[in-house]
Amino acid sequence: MPVEIVMNHATFRKAWRFDAFVEACAAAGMRRVSIWGNEVAEIGLDAARSRLRDSGMRAFGYNRAGPLLADTPEKRQSLMAAAKAEIETAAELGADHILLFPGGIADGAKGLEAARSQTTDACAILNEHARNCGIALALEPLHPMLAGDRTALCTLAEANRLCDRLGSNAGIVIDSYHVWWDAELEAQTALAGSSGRILGFHVNDWLVPTRHLLTDRGMMGDGVIDLAAMWAMVLGAGYDGPIEVEIFSEHWWAQDPDAVLALALGRCAEIFSGEAAR
Ligand code: ZN
């Protein structure tokens, strides 16, 4: 069985709007796409649902529930209301999971203690809401260089511990860009897999040097991540879902999107269809 590949719309963010993205993925023979709430908002929920249905596509990942952290209870409450609304939209579109995005530390905060406890509290509420809506909540640990402005959840070990606290319905998305450096990668991947909580596997590459932490991700094969080894770990942990291509890159955003799509599919075939993927 060939590995199922899913494209994340972020990979084509500057070239294709929702319709063009979904159509291109369908034309390339894919069955699922990972989508963004801002794109859905732009065309409206009903139109987004129709476009998916008419092209025979389903939503896999939905980005995102968050940001959540703020310096006052009022602001936090309003952010939580917005996150709950995103969960409802994701569920209405039939997405497999919604990505949690805690966001940067609150104004004036020092250290990560408050961010961690606010994230934990928010996750408990949002996971309950997601469970009621019938959609999984995906925790995605991000690279620790992003702890100040993106999330305080930076390792698979923390994500596993948080999932233990949250109970069913919460899971983890493993993104190669964010966790490839972790000495505990294999053990924590296995732990996540043994609990049946790996919801997705995002691929891209770490370029050396990296010129920008958010917008200089590499095409698979262009950087230093041993993606085939990571895929073997994820498969070995029992994951049976698709591989999702998610490349935030000014370089690739500036290229012809059809060529980027073809190249990404070619690289996936080269890297992930080897011994480990069989
Ligand atoms: Zn990701």
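Asker: Got a sec to walk through the packing of aromatic side chains? Specific residues and values, please.
Answerer: Per the stated rule, a full pass over the model turns up eight aromatic pairs. Each ring, one from Trp 36 and one from Phe 248, has its centre 6.1 Å from the other, and the planes form 85°; the classification is edge-to-face. Taken together, the residues Trp 36 in strand 2 (residues 32-36) and Phe 248 in the loop between strand 8 (243-245) and helix 10 (250-253) connect sequence positions 212 residues apart. Relative accessible area serves as the criterion here: at 9%, Trp 36 is assigned to the buried category. With a relative accessible area of 12%, Phe 248 lands in the buried category.

Asker: I'd love a proper account of helix 11 (residues 257-272), names of residues and values included.
Answerer: If you check helix 11, its first and last C-alpha atoms are 22 Å apart, about what 16 residues at 1.5 Å a residue would give, namely 22 Å. Those residues of helix 11 that fall on the buried side of the exposure criterion are Pro 257, Val 260, Leu 261, Ala 264, Arg 267, Cys 268, Ile 271 and Phe 272. All buried residues of helix 11 lie within an arc of 130° about the axis, which places them on one face of the element. In the core, the buried residues of helix 11 are packed alongside strand 1 (5-8), helix 1 (18-27), strand 7 (198-203), helix 9 (227-236), strand 8 and helix 10.

Asker: Describe the coordination of the zinc ion, naming the residues involved and giving the relevant values.
Answerer: For a metal with four tetrahedral donors the ideal donor-metal-donor angle is 109.5 degrees, while six octahedral donors give ideal angles of 90 or 180 degrees. Coordination of the zinc ion by the protein involves Glu 140 (OE), Asp 175 (OD), His 202 (ND1) and Glu 246 (OE), with metal-donor separations of 1.9 to 2.2 Å. Around the zinc ion sit four donor atoms, and with donor-metal-donor angles ranging over 85 to 168° the site reads as irregular.

Parameters and conventions
Residues numbered from 1 in each chain as written. Predicted model: local features only at pLDDT ≥ 70, side-chain atom pairs only at ≥ 80, totals over all residues. Heavy atoms only, no water. Phe/Tyr/Trp six-rings, centres within 6.5 Å; stacked < 30°, edge-to-face > 60°. Helix = DSSP H or I, 4+ residues; strand = E, 2+ residues; numbered from the N terminus. Buried < 20%, exposed > 50% of the residue type's maximum accessible area, 1.4 Å probe, protein only. Expected span 1.5 Å × (residues − 1). Arc of directions from axis to C-beta. Contact = heavy atoms within 4.5 Å. Donors = N, O, S within 2.8 Å, 3.2 Å for Na, K, Ca; no water. Tetrahedral: all angles 85-135°; square planar, octahedral: opposite > 155°, others 65-115°.

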